[in-house]
2 protein chains.
Amino acid sequence: MSMDRLIEGILKTQNPTVAGLDPKLSYIPEHIKAECFQKYGKTLDGAAAALLAFNRGLIDALCDIVPAVKPQCAYYEMYGWQGMKALHDTIAYAREKGMFVITDGKRNDIGSTMEAYATAHLGKVDVEGELQIPFDGDCLTVNGYLGSDGIVPLLNICKEQDKGIFVLVKTSNPSSGELQNLKLEGGDTVYLTMGKKCEQWGESTMGKYGYSGVGAVVGATYPQQLGELRSALKTTFFLVPGYGAQGGGADDVLPAFDEKGLGAVINSSRGIMCAYQKRGLPGEDFAKAAREEAIRMRDEIVGKLGKIG
Amino acid sequence: MSMDRLIEGILKTQNPTVAGLDPKLSYIPEHIKAECFQKYGKTLDGAAAALLAFNRGLIDALCDIVPAVKPQCAYYEMYGWQGMKALHDTIAYAREKGMFVITDGKRNDIGSTMEAYATAHLGKVDVEGELQIPFDGDCLTVNGYLGSDGIVPLLNICKEQDKGIFVLVKTSNPSSGELQNLKLEGGDTVYLTMGKKCEQWGESTMGKYGYSGVGAVVGATYPQQLGELRSALKTTFFLVPGYGAQGGGADDVLPAFDEKGLGAVINSSRGIMCAYQKRGLPGEDFAKAAREEAIRMRDEIVGKLGKIG
């Protein structure tokens, strides 16, 4: 199952982190933009070319020390179908470099429509007998508000094609509690109810490290709930956003891990992508600065966590 | 606000329905596919060309009698960025023909990422000072599981650019109740809680017909909840899927409307797209059959509803 490949990447690099690839134009160094806009104009094609060039530089700088990347679909869709082509090319390049790709799309729908999303992001599509590959991530983030009809269509593709999903459980944003923290009549919160569903959905996709192909998104900004969910959900791997820019620190993410230092992968997006800006370095140093920040983050977390595995 | 334009389309056509454009290859007539595959091969480009040709035929057949179309993103993403280009071209063609476009993406995220989705599907993106248009729908369906941080970033774009959103409240699928029907400690269900949030979110985007720019998705398959929500949510316009193929009939959708016959738009996807297949007609008749089914559906609903407005 797919989480096994992610876990093996974490064990090999001794690094339980994932680099978010959310390439806003304002994050991209001037020299990259200048070249792309000169070639394609200030168009969607030009923007998409800049996104891809930036991502390739980041992937080159990170691929031997960070096991995974997480491109956020919104920042590609924002540049139209040209941006979606940059998403495709980014995923292909990251996988070519041996990285595990978590496509952050938070997709959700039902039945055959959800199957279409599964095919789009994790599978192969049948074009009159020829199998074609639309986007080809390893994992997709999904939203479970629609219930099992929105999740079950994904499980077959996870099994057949060794892919996985992360379901939103307790998100990192300030207002996540408006719905997710509400208490149901039985006493459980909405987020715990969703978490328990992940355990059920995952049963048929159990991997060799004790984690299923159905993971959960749980924010670093709520360390108490991270710990509560880690105890309650023994077979659900966590994708943890909210470290760094959103305010979560190394101490906050520790409750996400099990006693072997497994069970979670911590995301940093802006922290890594914009490291050169934060340090006031020239744009030409973006890749070097990203690598240094990724190492700093790894060392900070692993320093508290100890050897993984 | 955006629902005003949808409502004006409904008043003008005296037709409170929307045609879903969910173009699976198996729905597309052979003669269209043959031409596209001959030109582009059995590739994603070939599939995307077939999607667009089919949609253009449907739009031509429907644009004077049906006020809106609802392309489902999943069926375009399934054919990669080439499919997303077909989505872009479909939206542009429908708007050129005067139709209101509801992009069914069920997108969700927080803060600046949600703004990116809003820009992608409803707005214009700034490429180094040049404004470019990514997808340009009139409305976007969204999932509110993340709370206000996922919805508020959309409201400005709705106000500034006269666009709207539909938030998932009570979906049409069999398992929608797993989470949505659960009762909270205060006694409200999860779906009613989400519905009440739509009323709040909509307050700043009220239109001249008494409906805000924040609508709700409520399935035709749950007529009792439709009525309950119509009574509780006075300013929230409903997008109602589940008519036809999913089992909802004209009687089931009546509770969605207010006393003027406004307040809801009823979707049919397969019923219209696949009308020629259902009647055993040759593929060449797909547009004519779609038009006849759209008229039948309109007459069935309006026959019970009476004059609208």
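For clarity, every value in this text was computed on a predicted model and none was experimentally measured. Along each chain, residue indices are assigned from 1 in the same order as the chain's sequence is written. Note on labels: chains are lettered from A, ligands numbered from 1, in written order. Only residues with pLDDT of at least 70 get local features here, since the model is predicted, and only at 80 or more are side-chain atom pairs given and counted; chain-wide, interface and lining totals rely on the full set of residues. As a rule here, side-chain values come from all non-hydrogen atoms in the structure, and water together with hydrogens is ignored.

Chemist: Explain the relation of the copies chain A and chain B to me, please; I cannot follow it from the model alone.
Modeler: Both copies of the chain are placed relative to one another by a rotation about an axis and a shift along it. Least-squares fitting of one copy onto the other uses the C-alpha atoms of those residues that reach a pLDDT of at least 70 in both copies. The two copies are related by a screw operation: chain A maps onto chain B through 180° of rotation and 0.0 Å of translation along the axis, at an RMSD of 0.0 Å. One copy is carried onto the other by what is essentially a two-fold rotation axis. By C-alpha distance to the rotation axis, the residue of chain A lying nearest is Leu 184 of chain A, at 2.1 Å. Most of the interface of chain A is mirrored in chain B, where 100% of its interface residues are also at the interface. Note on definitions: a residue-residue contact is assigned when non-hydrogen atoms from the two residues lie within 4.5 Å.

Chemist: I tried to follow the confidence of the model for chain A on my own but got confused; where do I start?
Modeler: Residues shown with low pLDDT carry predicted positions that ought not to be read at fine detail. As a per-residue quantity, pLDDT reports the predictor's confidence and falls between 0 and 100. Summing up the model confidence of chain A, the mean pLDDT is 95 and the portion of residues at 70 or higher is 100%. Our summary of model confidence lists the complex with pTM equal to 0.97 and ipTM equal to 0.95.

Chemist: Help me understand the interface of chain A and chain B in this model?
Modeler: Interfaces are often described in size by the accessible area the parts lose on coming together. Between chain A and chain B, the residue contacts involve 72 residues of the former and 72 residues of the latter. Buried area is understood as the total, over both parts, of accessible area removed when two parts are fitted together, assessed with a 1.4 Å probe. At the boundary of chain A with chain B, total buried surface from both sides reaches about 5,900 Å², with 60% on carbon and sulfur atoms. When residues of chain A are sorted by the area they lose upon contact with chain B, Trp 81, Glu 128 and Tyr 145 of chain A head the list and together hold 14% of the total. Salt bridge, as used here, is a side-chain nitrogen of Lys or Arg placed within 4 Å of a carboxyl oxygen of Asp or Glu. For the pair chain A and chain B, the interface holds 6 salt bridges. With its nearest N and O atoms 2.8 Å apart, the salt bridge here joins Asp 109 of chain B to Lys 106 of chain A. Helix numbering and strand numbering both begin at the N terminus, where a helix is a DSSP run of H or I of at least 4 residues and a strand a DSSP run of E of at least 2. Of the residues forming the side of chain A that touches chain B, the biggest block, 7 residues, is contributed by helix H6 (residues 111-122) of chain A. Side-chain classes follow a simple rule in which Ala, Val, Leu, Ile, Met, Phe, Trp, Tyr, Cys and Pro form the nonpolar group, Asp, Glu, Lys and Arg form the charged group, and the remainder, Gly included, forms the polar group. Of the residues assigned to the side of chain A that touches chain B, the class counts are 32 nonpolar, 22 polar and 18 charged.

Chemist: Could you clarify how one ought to interpret the nonpolar core in this entry?
Modeler: One broad trend across soluble globular proteins is that nonpolar side chains are buried collectively. Ranked by size, the top nonpolar core spans 227 residues in total, and within it Phe 238 of chain A together with Tyr 145 and Phe 238 of chain B carry the most contacts. In terms of residue count, helix H3 (residues 44-62) of chain B provides more of this core than any other element does, 12 residues in total. Look past the residues within four positions of Tyr 145 of chain B in its chain and what remains in contact with it is Asn 143, Tyr 145, Leu 168, Val 169, Leu 179, Gln 180, Val 190, Tyr 191 and Met 194 of chain A together with Leu 179 and Met 194 of chain B. What makes a nonpolar core is a set of buried Ala, Val, Leu, Ile, Met, Phe, Trp, Tyr and Cys residues whose side-chain atoms join them at distances within 4.5 Å. Using a 1.4 Å probe on the protein chains alone, a residue whose accessible area is under 20% of its type maximum counts as buried, one over 50% counts as exposed, and one in between counts as partly exposed.

Chemist: Help me understand the sheet that holds strand S7 (residues 164-170) of chain A, please; the structure alone is not making it clear to me.
Modeler: The strands making up a sheet are joined through hydrogen bonds of the backbone, oriented either antiparallel or parallel. Residues and elements named next belong to chain A. Two strands make a pair as long as DSSP finds a minimum of two bridges between them. Pairing within the closed barrel is parallel, and its 8 strands lie in the order S1-S2-S3-S6-S7-S8-S9-S10. Neighbour-to-neighbour, the strand axes of the sheet open up by a mean angle of 30°, direction not taken into account. Relative to strand S10 (residues 264-268), strand S9 (residues 238-240) runs parallel, the two being bridged by 3 bridges. Paired with Val 240 across the two strands is Ile 266, which belongs to S10. Axis angles are defined between N-to-C directions and span 0 to 180 degrees, where every axis is a line fitted to C-alpha atoms and, for a helix, only to the segment in contact. Packed on one face of the sheet, helix H10 (residues 223-232) meets S7, strand S8 (214-218) and S9 and runs near 170° to S9.

Chemist: What should I look at first to understand the pairing of strand S7 (residues 164-170) of chain B in this one?
Modeler: Side-chain direction in a regular strand flips from residue to residue, so the side chains alternate between the two faces of the sheet. Residue and element names in this part refer to chain B. Burial runs high along S7: 7 of the 7 residues are buried. Pairing of strand S6 (residues 139-142) with S7 involves 4 bridges; the strand directions are parallel. Counterpart to Thr 141 in the pairing with S7 is Phe 166. Of the strand pairs in this sheet, S7 and strand S8 (residues 214-218) are connected by 5 bridges, and their pairing is parallel. What sits directly across from Ile 165, in S8, is Val 214.

Chemist: For this particular structure, what's the right way to read the side chain of Asp 22 of chain A?
Modeler: All names here are of chain A. Mapped onto the secondary structure, Asp 22 falls in the loop between strand S1 (17-21) and helix H2 (30-40). Of the side chains with opposite charge, Lys 70 comes closest to the buried, unpaired Asp 22, at an N-O distance of 4.8 Å. Polar contacts, as counted here, are pairs of nitrogen or oxygen atoms within 3.5 Å of one another; within protein the pair requires one atom able to donate a hydrogen and one able to accept it, and residues that are adjacent in sequence qualify only if both atoms are side-chain atoms. A polar side-chain atom of Asp 22 sits 3.4 Å from a polar atom in the side chain of Ser 269. Leave out the neighbours within four places in its chain, and Asp 22 touches Tyr 27, Lys 70, Gln 72, Tyr 75, Ser 269 and Met 273. Under the counting rule used here, the positive set is Lys and Arg, the negative set is Asp and Glu, and His together with the chain ends is not counted.

Chemist: Would you mind going over the environment of Asp 22 of chain A with me for this structure?
Modeler: Under the relative-accessibility criterion, Asp 22 of chain A is labelled buried at 11%. Residues Asp 22 of chain A and Asp 104 of chain A, spaced 82 residues apart in sequence, show a C-alpha to C-alpha distance of 9.7 Å.

Chemist: Just to check I follow, could you spell out helix H7 (residues 152-160) of chain A for this structure?
Modeler: An α-helix turns once every 3.6 residues. As a result, residues three or four positions apart point the same way. All names here are of chain A. Of all the positions in H7, only Pro 153, Leu 154, Leu 155, Ile 157 and Cys 158 are classed as buried. The inward-facing, buried residues of H7 contact H6, strand S6 (139-142), S7, helix H9 (190-202) and S8. Immediately beyond the C-terminal end of H7, within one or two residues, lies Asp 162, with a positive phi of roughly 55°.

Chemist: Please clarify how the sheet that holds strand S10 (residues 264-268) of chain B should be interpreted in this entry.
Modeler: With parallel pairing, the 8 strands of this closed barrel are ordered in space as S1-S2-S3-S6-S7-S8-S9-S10 (chain B). Direction aside, neighbouring strands of the sheet carry axes that sit 30° apart on average.

Chemist: Help me out: how do you make sense of the pattern of salt bridges in this one?
Modeler: When their charged atoms lie close together, side chains carrying opposite charge are able to pair. Residue and element names in this part refer to chain A. Across all of its chains, the model carries 46 salt bridges over all chains by this definition. The partner of Glu 30 in a salt bridge is Lys 33, with the nearest N and O atoms 3.6 Å apart. Placement of the pair is Glu 30 and Lys 33 together in helix H2, with a separation of 3 residues, close to one helical turn. Overall, Glu 30 belongs to the exposed group, its relative accessible area being 53%. In this structure Lys 33 comes out as buried when scored by relative accessible area, which is 5%. Note that Arg 296 and Glu 293 form a salt bridge whose closest N and O atoms lie 2.9 Å from each other. Taken together, the residues Arg 296 and Glu 293, both in helix H14 (residues 286-305) and 3 residues apart, mark about one turn of the helix. By relative accessible area, Glu 293 is classed as buried at 17%.

Chemist: Hey, could you run me through the packing of aromatic side chains in this one?
Modeler: What describes a pair of aromatic rings is the distance from one ring centre to the other and the angle between the planes of the rings. Residues and elements named next belong to chain B. Here a Phe, Tyr or Trp ring, Trp counted by its six-membered ring, pairs with any other such ring whose centre lies within 6.5 Å, and the pair is stacked when the planes are under 30 degrees apart, edge-to-face when over 60, and tilted otherwise. Using the criterion set out here, one finds 5 aromatic pairs over all chains in the structure. When the centroid spacing of 5.2 Å and the interplanar angle of 40° are considered together, the rings of Phe 54 and Phe 286 count as tilted. Residue Phe 54 is located in helix H3, and its partner Phe 286 is located in helix H14 (residues 286-305); the two are separated by 232 residues in the primary sequence. The pair formed by Phe 54 and Phe 286 is uniform in burial state, with each residue classed as buried.

Chemist: How do you make sense of the side chain of Thr 141 of chain A when you look at a structure like this?
Modeler: Residues and elements named next belong to chain A. Along the chain, Thr 141 turns up in strand S6. Of note is the side chain of Thr 141, whose polar atom sits 2.8 Å from the backbone nitrogen of Lys 106. In this structure Thr 141 touches Ile 102, Thr 103, Asp 104, Gly 105, Lys 106, Arg 107, Phe 166, Val 217 and Leu 239, once residues within four positions along its chain are discounted.

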